[in-house]
Amino acid sequence: MKIHEKYIKRCIDLARNGLGRTYPNPMVGSVVVHKNKIIGEGWHQKAGLPHAEVNAINSVKNQELLPESTIYVSLEPCSHFGKTPPCSDLIIAKGIKKVVIGTVDPFAEVAGRGIKKLMDAGCEVAMGILEKDCRELNKRFFTFHQEKRPYIILKWAQTSDKFLAPESKEKRAPVWITGSISKQLVHKWRAEEQAILVGTNTAIEDNPKLNTRLWKGANPVRVVLDRSGRIPKKSAVLDGSIKTIVFTENSDSCSSEIDPDSFQNSENLIFEKIDFETEIAPQICEILYKHELQSVIIEGGAKTLQTFIDAGLWDEARVFTGKVRFNSGVKSPQLNGRLVNEQEIADDHLKIYTNGKHNNI
């Protein structure tokens, strides 16, 4: 079993290379082992490109060794035709008789079918190797398919006395609680997730771009709350440069800030109606699931963050604390979570929490 864990660990390490690039597919890594030596390895690099098992098998220089080899893969090989052929078929066609799998795929089109196909073809299959680690690797994918919502990451920066912003609006801009390295790290995170969400006041007062300008990577889908059309039409989040979903109270009317002719769904600007008189967090999750978004970072403000916390709809919280003090102002959200990691980022301190209520990942 220990030797299996060694190679599944390598699969996980390879898979992480695809973070932020494989959506809507999971991250997967694979290695081919012959007589306790890795002779091929690969990972899924981007949706539409070959899967990890294909890359691992194709990297083996001497293909005649495959029938005597074992293939390791962090997630169950697929059994259906999507943008690429089934990986289970390739494994069978190459005569590989031993397959070691980290965890079963929760996607309905696979969900044990790949394993059954391999076993029916006479393959010896071992499963559940470092399963917890393999599920953690694809926590976004598992949450999306099992809970029918995105994986939710809360993020905020607070002062040493736990304020998000000064009390006076005149003092709020420009006010940076954390340093440039932390800011760049946040942009890296944005490139790893599929969506980013802010509330109305944050969109108005900060006029954020919500892009990845400080890191090379895809921009997340912008998600904005705007109950009554208060966000100015010229705001960065409404410029149409990035796909943006605006949650509003009534898509049939709007304030004077937004031209009614422009209040239409377009390729990059989509309006979704929700009921702001009831709990909005579940409604938002349902609609983001409909848009096939597997993860979302909620960056503020305090009211929006607390709304998701109070609803119990969050999986992870990333909280920066800077050295600056405000003495008064907008208080930080109140969070009860399990501290899983903390580190110094230059002059800032980062703590990462998980929601103990969600133990299925």
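None of the values given here were measured: they were computed from a predicted structure.

(A) Expanded view of the overall build of the chain. Scanning the chain from terminus to terminus reveals 10 helices and 16 strands. Relative to its full complement of 361 residues, the chain shows a buried share of 50%. Residue pairs at least 24 apart in sequence account for 72% of intrachain contacts in the chain once pairs closer than 6 positions are excluded. Counting every atom, the chain has about 17,600 Å² of accessible surface; 49% of that belongs to carbon and sulfur.

(B) Examining the nonpolar core more closely. Core analysis: the largest hydrophobic core is formed by 31 residues, its most contacted members being I152, L154, F247, I284, L288 and F308. Listed by contribution, the elements that provide at least two residues to this core are β6 (151–158), β8 (195–198), β9 (221–225), β10 (244–248), α9 (280–290), β12 (295–300), α10 (302–310) and β13 (316–321). Here this core gets 6 residues from one element, more than from any other, and that element is α9. Not counting residues within four places of it along the chain, the set of residues in contact with F308 comprises I152, L154, L197, A281, I284, C285, I298, L313 and W314. Of all hydrophobic cores here, the second largest spans 24 residues; its members include Y151, W189, I196 and V246.

(C) A look at unusual backbone geometry. Looking along the chain, the bond that leaves Y23 and enters P24 is cis, with omega of 5°. Structurally, P24 is set in the loop between α1 (2–15) and β1 (29–34). A cis geometry characterises the amide bond from G300 onward to G301, with omega recorded as 0°. Mapped onto the fold, G301 is located in the loop between β12 and α10.

(D) Representation of the sheet that holds strand β11 (residues 269–273) in the model. Taken in spatial order, the 9 strands of this open sheet run β11-β10-β9-β8-β12-β6-β13-β16-β15, and their pairing is mixed. Where the open sheet ends on each side, the last strands, each with one partner, are β11 and β15 (338–345). On average, each strand axis in the sheet is tilted by 20° relative to the strand beside it, whichever way the strands run. Across 4 bridges, the pairing between β8 and β12 is parallel.

(E) Inspection of the environment of D206 at higher detail. If you trace the backbone, D206 turns up in helix α8 (residues 200–206). The class for D206 is exposed, based on a relative accessible area of 54%. Counting along the chain gives 30 residues from D206 to A236, while the straight-line C-alpha distance between them is 9.8 Å.

(F) The sheet that holds strand β2 (residues 37–43), seen in detail. The strand order across the open sheet built from 5 strands is β2-β1-β3-β4-β5, with neighbouring strands paired in mixed fashion. The open sheet has two edge strands with one neighbour each: β2 and β5 (124–126). Within the sheet, the average angular offset between the axes of one strand and its neighbour, ignoring direction, is 20°. Sheet topology places β1 next to strand β3 (residues 70–75); 4 bridges connect them, and they run antiparallel. Bridge pairing in β3 places V33 opposite T70.

(G) Structural context of helix α4 (residues 113–120). Taken as a whole, α4 has its buried residues at G114, I115 and L118. Axial view of α4: buried residues confined to an arc of 100°, hence all on one face. Facing away from the buried side of α4 by over 90 degrees, the exposed positions are K116 and D120. Taken together, the buried residues of α4 touch α3 (87–93), β4 (98–103) and β5. Directly beyond the C-terminal end of α4, a positive phi value near 95° is found at G122.

Definitions and limits used
- Residues numbered from 1 in each chain as written.
- Predicted model: local features only at pLDDT ≥ 70, side-chain atom pairs only at ≥ 80, totals over all residues.
- Heavy atoms only, no water.
- Helix = DSSP H or I, 4+ residues; strand = E, 2+ residues; numbered from the N terminus.
- Buried < 20%, exposed > 50% of the residue type's maximum accessible area, 1.4 Å probe, protein only.
- Contact = heavy atoms within 4.5 Å.
- Areas by Shrake-Rupley, 256 points an atom, 1.4 Å probe, with all protein chains shown as cover.
- Core = buried A, V, L, I, M, F, W, Y, C linked by side-chain atoms within 4.5 Å.
- Pairing = 2+ DSSP bridges.
- Axes fitted to C-alpha atoms, helices over the stretch in contact; angles between N-to-C directions.
- Arc of directions from axis to C-beta.

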